[in-house]
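The chain contents come next:
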Amino acid sequence: MLVQMLYLIATRIFAWLVLLSRSSAAKDAEILTLRHEVAVLRRQVATPRPNWPDRALLSTLARPRPLRGHRLVSPRTLLAWHQRLIARKWTQPPSPGRPPLPEEVRDLIARLDAENSRWGFRRVHGELRRLGCRRRLNRGSVAGLVVR
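Residues numbered from 1 in each chain as written. Predicted model: local features only at pLDDT ≥ 70, side-chain atom pairs only at ≥ 80, totals over all residues. Heavy atoms only, no water.

### Thoughts on the pattern of salt bridges
Move 1: Considering all chains together, one arrives at four salt bridges under this definition.
Move 2: Among the ionic pairs, E115 bridges to R111, the shortest N-O distance being 3.1 Å. With E115 and R111 both in helix 5 (residues 103–115) and four residues apart, this pair spans about one turn of that helix.
Move 3: Residue class for E115 comes out exposed when judged on its relative accessible area of 52%.
Move 4: Linking E127 and R130 is a salt bridge whose minimum nitrogen-to-oxygen distance equals 2.8 Å. Placement of both E127 and R130 in helix 6 (residues 121–131) is noted, with a separation of three residues, approximately one turn of the helix.
Move 5: Of the residues examined, R130 reaches a relative accessible area of 62% and is grouped as exposed.
Move 6: Here the residues in one salt-bridge network are R123, E127 and R130, joined through shared partners. (Salt bridge = Lys/Arg side-chain N within 4 Å of Asp/Glu carboxyl O. Helix = DSSP H or I, 4+ residues; strand = E, 2+ residues; numbered from the N terminus. Buried < 20%, exposed > 50% of the residue type's maximum accessible area, 1.4 Å probe, protein only.)

### Details of the nonpolar core
Among soluble globular proteins, nonpolar side chains are generally buried collectively.
Move 1: Ranked by size, the top nonpolar core spans 11 residues in total: L101, V105, I109, L112, W119, V124, L128, C133, L137, V142 and V146.
Move 2: Breaking this core down by element, the ones donating at least two residues are helix 5 and helix 6.
Move 3: In terms of residue count, the dominant contributor to this core is helix 5 (three residues).
Move 4: In contact with L112, not counting residues within four places along its chain, are W119, V124 and L128. (Core = buried A, V, L, I, M, F, W, Y, C linked by side-chain atoms within 4.5 Å. Contact = heavy atoms within 4.5 Å.)

Nothing here speaks to function; it is geometry throughout.
Below is the structure:
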């Protein structure tokens, strides 16, 4: 990746040196030709997928002047690239979630559900709370274990 970036920078520097030796009329003709080619390619090709060195160079070149009109890279695209770069660097692993219910509480829920078939999960949850099972017990956990 570093070699690609260095190669891309070197070719751009040599291209700029060649441009310095040209007359302004030749530069204008080349600009018009390139604009036409870009317009033709935009009609034919789907969304371009630049690789990392292309993105780095495009974002560096877009910095000194504002981007106007239909460009290959819009300011919104630059922000999206930056957000993805930061997200890859600073993502945290997902939290493990709620710990599972103890086995005896699950057995008690199954027994209350089997003995009282007309009760719903809310009633089973209320009875468990009255019995003193208050820790790590919510209605969603009970609802997942009550079978209907």
